[in-house]
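# Overview (structure and organization)
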Amino acid sequence: MIQDKVMELSLRLIERDRYEKAHRDLFKGHTELHKSVDQFETEVLRAEVDRRGKEVEVLEERLRVTHRDMERLNDELISAHIETNVATSQLQQLRTEHDKLLERWLARVKLEVEHMNNQLQSATPPP
């Protein structure tokens, strides 16, 4: 029984080899066509990968430039904020100084007015 199976498989292998030998040219043409199609697809895919790689590089460069611009803008905003704080502080100091000068001037003018009133009262004879 095993011998029958071995014999059957051997006959089938012989038949397959004969069939391949007879039609080798067809298989060879099909295989070469399949290889050239695969090669073409590979070239197309490689070109697509290269194109996408360049696109990624461009996008990464844009991202770097955008990030750098955002950092610069953030630095400028911080500088503007600091300048505003300094200007506000100086304005407050100037207002305080102005108020003090105004008070001193008013006090001096008041003294001058009182002095002039006193001189007028002493120069004018009583009625």
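One numbering rule holds for all chains: residues counted from 1, following each sequence as written. Predicted model: local features are reported for residues with pLDDT of at least 70 only, side-chain atom pairs are reported and counted for 80 or more only, and whole-chain, interface and lining totals are derived from all residues. Computation of side-chain values covers all heavy atoms of the structure but excludes hydrogens and water.

Where an unreviewed UniProt entry is consulted, the chain appears under the name Autophagy protein 16, with the organism given as Nakaseomyces bracarensis. UniProt positions are given in the numbering used here, feature names are shortened, and annotations may be inferred rather than shown by experiment. Per UniProt, the chain carries the Sequence similarities (unreviewed entry) text "Belongs to the ATG16 family." The heading Subcellular location (unreviewed entry) in the UniProt record of the chain holds the text "Preautophagosomal structure membrane".

### Some thoughts on the overall build of the chain
Secondary structure elements follow DSSP: runs of H or I no shorter than four residues count as helices, runs of E no shorter than two count as strands, and numbering proceeds from the N terminus. Along the backbone of the chain there are two helices and zero strands. In the chain, buried positions account for 0% of the 127 residues. Only the protein chains shown count as cover for residues, with accessible areas throughout obtained via the Shrake-Rupley method and a probe of 1.4 Å. Looking at the chain as shown, the accessible area adds up to about 12700 Å², and 60% of this sits on carbon and sulfur atoms. Each residue's exposure class comes from its accessible area (1.4 Å probe, protein chains only) as a fraction of the maximum for that residue type: buried when under 20%, exposed when over 50%, partly exposed otherwise.

### A few points about the pattern of salt bridges
The working definition used for a salt bridge is a side-chain nitrogen of Lys or Arg within 4 Å of a carboxyl oxygen of Asp or Glu. Evaluation of the coordinates by the stated rule reveals five salt bridges. With its nearest N and O atoms 2.7 Å apart, the salt bridge here joins Glu48 to Arg51. Linking Glu48 with Arg51, this pair stays in helix H2 (residues 24-123), spanning three residues, or about one helical turn. Overall, Glu48 belongs to the partly exposed group, its relative accessible area being 29%. One salt bridge in this structure joins Glu55 and Arg51, with 3.4 Å as the shortest N-O distance. In this pair, Glu55 and Arg51 both sit in helix H2, four residues apart, roughly one turn of the helix. Each of the salt bridges in this network shares a partner with another, and the network as a whole consists of Glu48, Arg51, Arg52 and Glu55.

### What to know about a nonpolar patch on the surface
Here the term patch refers to residues with relative accessible area over 30% and no salt bridge, with like charges joined within 9 Å and nonpolar side chains (Val, Leu, Ile, Met, Phe, Trp, Tyr) within 5 Å. There is a patch of nonpolar side chains on the surface, built from Met7, Leu11 and Ile14 and spanning about 320 Å² of accessible area. Structurally, Leu11 is set in helix H1 (residues 2-22).

### Looking at H1
One less than the residue count of a helix, multiplied by 1.5 Å, gives the span that helix is expected to have. Here H1 is 21 residues long and its end C-alpha atoms lie 30 Å apart, about the 30 Å a rise of 1.5 Å per residue gives. Sparse coverage of H1 is indicated by the burial of zero of its 21 residues.

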